[in-house]
Amino acid sequence: MSTPRLQVGEEAVISAAVLPILIDVIVQEGFQPVGPTVQDGYLVLDALSGTADLPQGWTTDADAGAFRLTRRDDQAYFGFNLGQESWKKYLYPPSVPLFRTERQESGLRFQYLPEEVPSYAFIGVRACELAALAIHDRIFLQGPYSDPVYAARRQSLFIVAVNCTESDAACFCASLGTGPGAAAGFDLALTEISCGSAGAFLVTVGTPRGAEVILKLPWQPATGAQQEQARELIRQAAHSQKRTLSTDNLPGLLYNNYNHPHWDEVAARCLSCGNCTLVCPTCFCHRIEDKSDLDGRAAERWRHWDACHTLQFAYIHGGSLRNSPKSRYRQWLTHKLAAWFDQFGSLGCVGCGRCLVWCPVGIDLTAEVQAIRVNPTQE
């Protein structure tokens, strides 16, 4: 009797009891699993030793300027949404060395500083975050130049996505077509169709590599009823979202309202803290820092995350190009929702809602755009 096979796009069902085996197989394949964990009341992405590290039985309550974790009435493994951290910290690290130079008798010697990076397996990636990874792939891998730091970390990545069956008040991915169901960019995608130790996951195969992993687990072909149950849960998550972001002529709207009075209203609240850019899964602003040894014989160049909300980010000889919170917020929002189209052919927003959740004053970009849309100026 031939061994059953799974093709890309096909679906299987595994029991919740098989989830620990899935992580074990991923480890055996040479990957370091990382995923969401609960630490000090927050969802934090960290290394996983097994399913015991996952936030089983927890859920999120997130809205503009507010976040908390609470206990669920069941033991769902993935009954929560997004925490503060995005996966970009693994592929586009907050601080990374670029090169080192040393003064020698023969002249200057330049040395590239490659890092030893494990082959990561991301466990629990949501659809909006897959969309963010696709954006970073275009930015860092496509075109005439690629980023070696990103490329080295991205090339061996294994992704286990999780389809959202619930949405937080901050979510607006449905209006952008980036969720809550994952369409592409994963090796395996899980939908939790029932919860607890007797629960089950519908598994969608995204790549041949993902199919090889599933074939090492106890699995059953998905029935039509199970597939429809998973689809309905995703539809309910989409329909429950209250926030939306209309993309109708969005670049033109922002370009043509550069001096709209609403920018002053937002600036009166904005703290220029940069939280929105640091939690955003697509923002990639950075600064370059050169530091030398005390004797001047060696120096290193480092790249660090930065934010376009800081006064120093736009500093050039003689001063900053954007001296006011108004100019910096306008730069951030217009780049993300307008100029990003010109540069990369897509929005720089995936509807995850992190920027409004982790803004100390709850500034909501969907509301700011709508305020300009309903009362545009003529420029």
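Predicted, not measured: the structure shown is a model, and the values here were computed from it.

Cut-offs used in this document
Residues numbered from 1 in each chain as written. Predicted model: local features only at pLDDT ≥ 70, side-chain atom pairs only at ≥ 80, totals over all residues. Heavy atoms only, no water. 1 Å grid on protein atoms, 1.4 Å probe; cavity = no way out; pocket = protein on both sides within 12 Å on 5 of 7 lines; lining within 4 Å. Points joined across faces, edges and corners; volume = space filled by probe spheres on them. Nonpolar A, V, L, I, M, F, W, Y, C, P; charged D, E, K, R; others polar. Helix = DSSP H or I, 4+ residues; strand = E, 2+ residues; numbered from the N terminus. Salt bridge = Lys/Arg side-chain N within 4 Å of Asp/Glu carboxyl O. Buried < 20%, exposed > 50% of the residue type's maximum accessible area, 1.4 Å probe, protein only. Pairing = 2+ DSSP bridges.

## A few points about the layout of surface pockets
Then comes step 1: Roughly 160 Å³ of volume is contained in the largest pocket.
Then comes step 2: Grouping the constituent residues of the lining of the largest pocket by class yields 5 nonpolar, 4 polar and 4 charged.

## Comments concerning empty space enclosed by the protein
By rolling a water-sized probe across the atoms, one finds the places where empty space is left.
Then comes step 1: In this structure the tally under the stated criterion is 7 cavities of 30 Å³ or more.
Then comes step 2: Taken as a whole, the largest cavity spans an internal volume of roughly 140 Å³.
Then comes step 3: Residue lining of the largest cavity: 16 residues in total, with Cys270, Cys276, Tyr329, Cys359 and Ile363 positioned closest to the centre.
Then comes step 4: Taken together, the elements giving at least two residues each to the lining of the largest cavity come down to α9 (275–279) and α10 (325–344).

## Side note on the pattern of salt bridges
Then comes step 1: For the structure on display, the rule yields 20 salt bridges.
Then comes step 2: Ionic pairing is found between arginine 68 and aspartate 61, a salt bridge with its closest N-O pair at 3.3 Å.
Then comes step 3: Residue classification places aspartate 61 among the partly exposed residues on the basis of a relative accessible area of 37%.
Then comes step 4: Overlapping salt bridges, with partners in common, bring together Arg100, Glu102, Asp293 and Glu300 in one network.

## Some thoughts on the pairing of strand β8 (residues 120–125)
Then comes step 1: Taken across its 6 residues, β8 has 6 buried, putting it largely inside the fold.
Then comes step 2: Relative to β8, strand β2 (residues 32–39) runs parallel, the two being bridged by 3 bridges. From the neighbouring strand, valine 34 faces β8, where its bridge partner is phenylalanine 122.

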